[in-house]
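Observations on the model geometry
Now for the letters of each chain:
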Amino acid sequence: MNEYPKKTCSIERLVTIPADIQKVLDGKKTATRRNGVYAYPGEIMELDGKTFVIDALYRQTLGELTDEQAQQEGYTNLDAYKETITSMHAHAKMPWLPEMKVWVHEYSPVDK
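Residues numbered from 1 in each chain as written. Predicted model: local features only at pLDDT ≥ 70, side-chain atom pairs only at ≥ 80, totals over all residues. Heavy atoms only, no water.

In this section: the sheet that holds strand β1 (residues 31-34). Read from one edge of the open sheet, 4 strands run β1-β4-β3-β2, paired in antiparallel fashion. The two strands at the open ends of the sheet, each matched to only one other strand, are β1 and β2 (44-47). Averaged over all adjacent pairs, the angle separating strand axes in this sheet is 35 degrees, with direction ignored. By the bridge criterion, 4 bridges tie β2 to strand β3 (residues 50-61) in an arrangement that is antiparallel. If you follow Glu-46 over to β3, its bridge partner there is Thr-51. (Pairing = 2+ DSSP bridges. Helix = DSSP H or I, 4+ residues; strand = E, 2+ residues; numbered from the N terminus. Axes fitted to C-alpha atoms, helices over the stretch in contact; angles between N-to-C directions.)

Put into C-alpha cells, the structure is as follows:
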C-alpha cells in the first residue's frame with residue numbers, strides 16, 4: 001500500500017469550478033491536479049448528486065504532462081491546459097514551472 005501524506009484540503013474542494021463540475025458530470029474530466037492531497041484512493045466524491053470514486057493518487061511534475069493527460073483534465077491539449085492554469089493563477093503570478101510537482105487525483109463514476 002502506498003504511503004500518502006496528510007491531506008492539505010478536503011475532497012469537497014477537489015472540483016469546485018462550475019465548468020469543471022460539468023466536465024466531470026459529462027465524463028470529459030477524469031483527473032484533477034493539485035499542489036496538495038485532497039483525497040485518497042477509494043474515497044467517494046459527490047457532485048450534483050452523482051458519485052465518483054478516487055481511483056489513483058500520484059505525484060507528477062508539470063513538465064511530465066502529456067496532451068493525453070491534459071485531456072483527462074478536460075482540455076483539448078496541453079497548451080490549452082497550461083493557458084487556463086496560468087491565467088487562473090495570474091493574481092499570484094504563478095508561472096508554469098516544469099519542475100513543479102503536483103498531486104494527480106484520478107476518478108471515475110460509481111455506477112448504481
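Moving on from the coordinates now.
The pairing of β1 with strand β4 (residues 101-109) spans 4 bridges and is antiparallel. Looking across to β4, one finds that Thr-32 is bridged to His-105. Pairing of β3 with β4, which is carried by 9 bridges, proceeds in the antiparallel orientation. Bridged to Arg-59 within β4 is Trp-103.

Function cannot be read off these values alone, since they describe shape.
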